[in-house]
Amino acid sequence: MTEELEQLLKNLKLRRLLNVYDEQLHAAEKAQSSYSEFVAGLLRAQWHDRQESALEFVAKHENLVLTGPTGVGKTGLACGLLLKALQNGHRCQFVRAQDLFDEMYASLADRSTRQLLNRLARLDVLLIDEFGYLNLKPEQSNTFFKLMEERYHRHSTIITTNLGYDEWQNFLGNKSMVEALLSRVRHYCHTVTINGPSLREPQG
């Protein structure tokens, strides 16, 4: 590898590609691979490294909040991360926020809230999709707070929402509880704001 190429890879932060370059080059020469096959092998190694790095938040028990307007791809990105976590052997579950809060309300009626919380609290990754703009009863908000408290810095939670943090109180109510909730959600958290045109716009 030339000094110029090495410096370019460092500048571009292509860490994995830099590490495997010599190995891939020798393998390509031995197999008499084409240039395109050689480049594809390098890029494949870098891609797998990026995929693994994207899940470091699971190992660190951190949260991930994807926020942005409807239709920009928050759910697709979150599901991709959840799938990768599943492939890596983690216990995961996808749930729409409306279904989660409905299940919480139903559990109050048959007194199964504790069992529900125990099951959800044990998951390595819980993805809560489309969080916000729900008409909640105080009991549902309280149960959600308990869930997040029990998951706090023990397991990772992914939340997709089109609301900013300052809007969470509008549907969760109870200002002091929401402040306590946000302090836990955001303490060990990566917040990613996704902007851009909706992917659901009519085409043609």
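Residues numbered from 1 in each chain as written. Predicted model: local features only at pLDDT ≥ 70, side-chain atom pairs only at ≥ 80, totals over all residues. Heavy atoms only, no water.

Before we move on, could you go through the overall build of the protein and cite the residues and values that matter?
Of the regular secondary structure elements, the protein holds 10 helices and five strands. Its C-alpha radius of gyration of 22 Å places the protein more than 25% over the 17 Å reference for a compact globule of 204 residues. Oriented by its inertia axes, the alpha-carbon framework of the protein measures out at about 70 × 40 × 30 Å. Residue pairs at least 24 apart in sequence account for 80% of intrachain contacts in the protein once pairs closer than 6 positions are excluded. By element, 51% of the accessible surface of the protein is carried by carbon and sulfur atoms, the whole surface being about 12,300 Å². (Helix = DSSP H or I, 4+ residues; strand = E, 2+ residues; numbered from the N terminus. Rg over C-alpha atoms; globule rule 2.2 N^0.38 Å. Contact = heavy atoms within 4.5 Å. Areas by Shrake-Rupley, 256 points an atom, 1.4 Å probe, with all protein chains shown as cover.)

Lay out the packing of helix α1 (residues 3-11) against helix α2 (residues 15-31) with the relevant residues and their values.
Interhelical geometry of α1 versus α2 gives an angle of 150 degrees and a closest axis separation of 8 Å. Classified by the angle between their axes, α1 and α2 sit roughly antiparallel to one another. Handedness of the α1/α2 crossing: right-handed. Counting all contacts with α1, which are made through L5, E6, L9 and K10, the residues of α2 involved are L17, L18 and Y21. The residue makeup of the contact of α1 with α2, split by class, is five nonpolar, no polar and two charged. (Axes fitted to C-alpha atoms, helices over the stretch in contact; angles between N-to-C directions. Parallel < 35°, antiparallel > 145°, perpendicular 65-115°, else oblique. Left-handed = near helix turned anticlockwise from the far one by under 90°. Nonpolar A, V, L, I, M, F, W, Y, C, P; charged D, E, K, R; others polar.)

A description of the pattern of salt bridges should follow, citing residues and the corresponding values.
Under the defined criterion, the tally for this structure stands at six salt bridges. For D129, the salt bridge is made with R96, and the minimal N-O distance between the two is 2.8 Å. Within this pair, whereas D129 is found in strand β3 (residues 125-131), its partner R96 is found in strand β2 (residues 92-96), the two being separated by 33 residues in sequence. (Salt bridge = Lys/Arg side-chain N within 4 Å of Asp/Glu carboxyl O.)

Lay out the environment of C92 with the relevant residues and their values.
Take C92: it is sitting in strand β2. Here the alpha-carbon distance between C92 and R122, two residues 30 residues apart in the chain, equals 9.4 Å. Beyond its immediate sequence surroundings of up to four residues, C92 is in contact with L82, A85, L86, L123 and V125.

Quick one: what's the story with unusual backbone geometry, residue by residue and with numbers?
Residue R111 is not a glycine yet carries a positive backbone phi of 60 degrees. For R111, the position within the fold is in the loop between α6 (97-109) and α7 (113-122). Of note, the phi angle at H153 is positive, near 55 degrees, even though the residue is not glycine. Assignment of secondary structure puts H153 in the loop between α8 (138-151) and β4 (156-161).

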